[in-house]
Amino acid sequence: GKSFVAGSLVLEGKLVQGCHIKVVRNEEIVYEGVLDSLKRLKEDVLEVKENLECGIFIKEFDSWSEEDDIQAFTLVQKQRNR
């Protein structure tokens, strides 16, 4: 099968390979999971900074739509205070 890479522009912050993402379409979450790989100028990269274009690939999701909003975040384990 063909894999789809979503051409994207990082509007703020940065994207990091392996981070958690939500794909939001018309204010509804259509996918939530992990960003499998990032490409920049056809090269695999580990991160892409603000205002740069990149390609986003997710193994489990390929039904991209042009206006999709991709929100990336990292899960941080909080230590409980005793």
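Preceding block: the structure.
First things first, this report covers the structure right here in the doc. Only a predicted model underlies this, so the values are computations on that prediction, with no experimental measurement involved.

The next point concerns the state of the cysteines. Covalently bonding the sulfur atom of one cysteine to the sulfur atom of another cysteine gives a disulfide. Inspection of the entire model under this criterion finds zero disulfides. The cysteine Cys19 is free of any disulfide, with Cys54 supplying the nearest cysteine sulfur at 10.0 Å. Taking relative accessible area as the criterion, Cys19 reaches 6% and is therefore assigned buried. By relative accessible area, Cys54 is classed as buried at 7%.

Attention now moves to the pairing of strand β8 (residues 53-57). Most of β8 sits out of view: four of its five residues are buried. Where strand β1 (residues 5-9) lies against β8, five bridges are found, and the strand directions are antiparallel. Bridge pairing links Ser8 to Cys54 in β8.

Within the structure shown, the criterion is met by five salt bridges. With a closest N to O distance of 3.8 Å, Lys59 and Asp36 form a salt bridge. Note that Lys59 is positioned in the loop between β8 and β9 (69-73) and Asp36 in the loop between β4 (28-34) and β5 (37-40), a separation of 23 residues in sequence. Residue classification places Lys59 among the exposed residues on the basis of a relative accessible area of 65%. The exposure class assigned to Asp36 is partly exposed, which follows from its relative accessible area of 24%. Across the pair Asp44 and Lys39 runs a salt bridge, and its minimum N-O distance is 2.7 Å. By relative accessible area, Asp44 is classed as exposed at 56%. Overall, Lys39 belongs to the partly exposed group, its relative accessible area being 28%. In the salt-bridge network here, residues are joined through shared partners; they are Lys14, Glu47 and Lys49.

What counts, and at which threshold
- Residues numbered from 1 in each chain as written.
- Predicted model: local features only at pLDDT ≥ 70, side-chain atom pairs only at ≥ 80, totals over all residues.
- Heavy atoms only, no water.
- Disulfide = S-S within 2.5 Å.
- Buried < 20%, exposed > 50% of the residue type's maximum accessible area, 1.4 Å probe, protein only.
- Helix = DSSP H or I, 4+ residues; strand = E, 2+ residues; numbered from the N terminus.
- Pairing = 2+ DSSP bridges.
- Salt bridge = Lys/Arg side-chain N within 4 Å of Asp/Glu carboxyl O.

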